[in-house]
Amino acid sequence: MGSNTVRSLDREPAALAMRIGVVAAEAALAAFARHLDLDDLEDGVDFQGAIGPAEWPVFSLVIDTLAEAAPGDRRSLDERRADALNDLARICMAAKNRGAA
């Protein structure tokens, strides 16, 4: 690759990483929607037991990344995961709205 080679903006590493992240987020949200009954959320959720084995790696990567505890965060993992699901839905909606624009 020569120094005069120009990459289009949509092929820059940061743009590609963002597209991969959005696809992973959408896949995780779809896995959640397919496998979990919202009525069961009150009793807590066994995420790994509810998400199919083929979908678990992407789902857990996305949810656990979003649910990572910040220093001083005293919320339980279940509380952080619930907030992560809300964040996940917002990410997917923002990506959908951005794509429609």
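Parameters and conventions
Residues numbered from 1 in each chain as written. Predicted model: local features only at pLDDT ≥ 70, side-chain atom pairs only at ≥ 80, totals over all residues. Heavy atoms only, no water. Helix = DSSP H or I, 4+ residues; strand = E, 2+ residues; numbered from the N terminus. Buried < 20%, exposed > 50% of the residue type's maximum accessible area, 1.4 Å probe, protein only. Salt bridge = Lys/Arg side-chain N within 4 Å of Asp/Glu carboxyl O. Core = buried A, V, L, I, M, F, W, Y, C linked by side-chain atoms within 4.5 Å. Contact = heavy atoms within 4.5 Å. Phe/Tyr/Trp six-rings, centres within 6.5 Å; stacked < 30°, edge-to-face > 60°. Expected span 1.5 Å × (residues − 1). Axes fitted to C-alpha atoms, helices over the stretch in contact; angles between N-to-C directions. Parallel < 35°, antiparallel > 145°, perpendicular 65-115°, else oblique. Nonpolar A, V, L, I, M, F, W, Y, C, P; charged D, E, K, R; others polar.

As recorded in an unreviewed UniProt entry, the chain goes by the name DUF222 domain-containing protein, listed as coming from Actinomadura chokoriensis.

Any details on the overall build of the chain? Residues and values, ideally.
Each helix and strand counted, the chain has four helices and zero strands in total. Going from N to C terminus, the chain has its helices and strands arranged as α-α-α-α. Burial status across the chain gives 22% buried among its 101 residues.

Tell me what's going on with the pattern of salt bridges, and back it up with residues and numbers.
Tallied over the entire structure, the rule returns four salt bridges. For Arg-75, the salt bridge goes to Asp-73, with nearest N and O atoms at 2.7 Å. Classification of Arg-75 as partly exposed rests on a relative accessible area of 32%. Of the charged contacts, one joins Arg-75 and Asp-83 as a salt bridge, the two residues approaching to 2.3 Å between their closest N and O atoms. Here the residues in one salt-bridge network are Asp-73, Arg-75 and Asp-83, joined through shared partners.

Any chance you could break down the nonpolar core for me, citing the residues and the numbers?
Grouped together as the largest cluster of nonpolar side chains are 16 residues, with contacts concentrated most on Phe-47, Phe-59, Ile-63, Leu-85 and Leu-88. Of all the secondary structure elements, the ones that give two or more residues to this core are helix 1 (13–35), helix 3 (56–66) and helix 4 (77–100). Of the residues forming this core, the biggest block, five residues, is contributed by helix 1. Residue contacts for Phe-59: discarding those within four places in its chain leaves Ala-28, Ala-31, Phe-32, Phe-47, Ile-51 and Leu-85.

How would you sum up the packing of aromatic side chains? Please name residues and give values.
Inspection of the entire model under this criterion finds one aromatic pair. Each ring, one from Trp-56 and one from Phe-59, has its centre 5.9 Å from the other, and the planes form 40 degrees; the classification is tilted. With Trp-56 and Phe-59 both in helix 3 and three residues apart, this pair spans about one turn of that helix. Taking relative accessible area as the criterion, Phe-59 reaches 1% and is therefore assigned buried.

Outline helix 1, listing residues and values.
Compared with the 33 Å implied by 1.5 Å per residue over 23 residues, the 33 Å span of helix 1 between its first and last C-alpha is a close match. All buried positions along helix 1 are accounted for by Ala-24, Ala-25, Ala-28, Ala-31 and Phe-32.

Explain the packing of helix 1 against helix 3 to me, using residue names and the numbers behind them.
Between helix 1 and helix 3, the shortest axis-to-axis distance is 9 Å and the interhelical angle comes to 110 degrees. As judged from the angle between their axes, helix 1 and helix 3 are roughly perpendicular. Where helix 1 abuts helix 3, its residues Ala-24, Ala-25, Ala-27, Ala-28, Ala-31 and Phe-32 lie against Val-58, Phe-59 and Val-62. Of the residues assigned to the contact of helix 1 with helix 3, the class counts are nine nonpolar, no polar and no charged.

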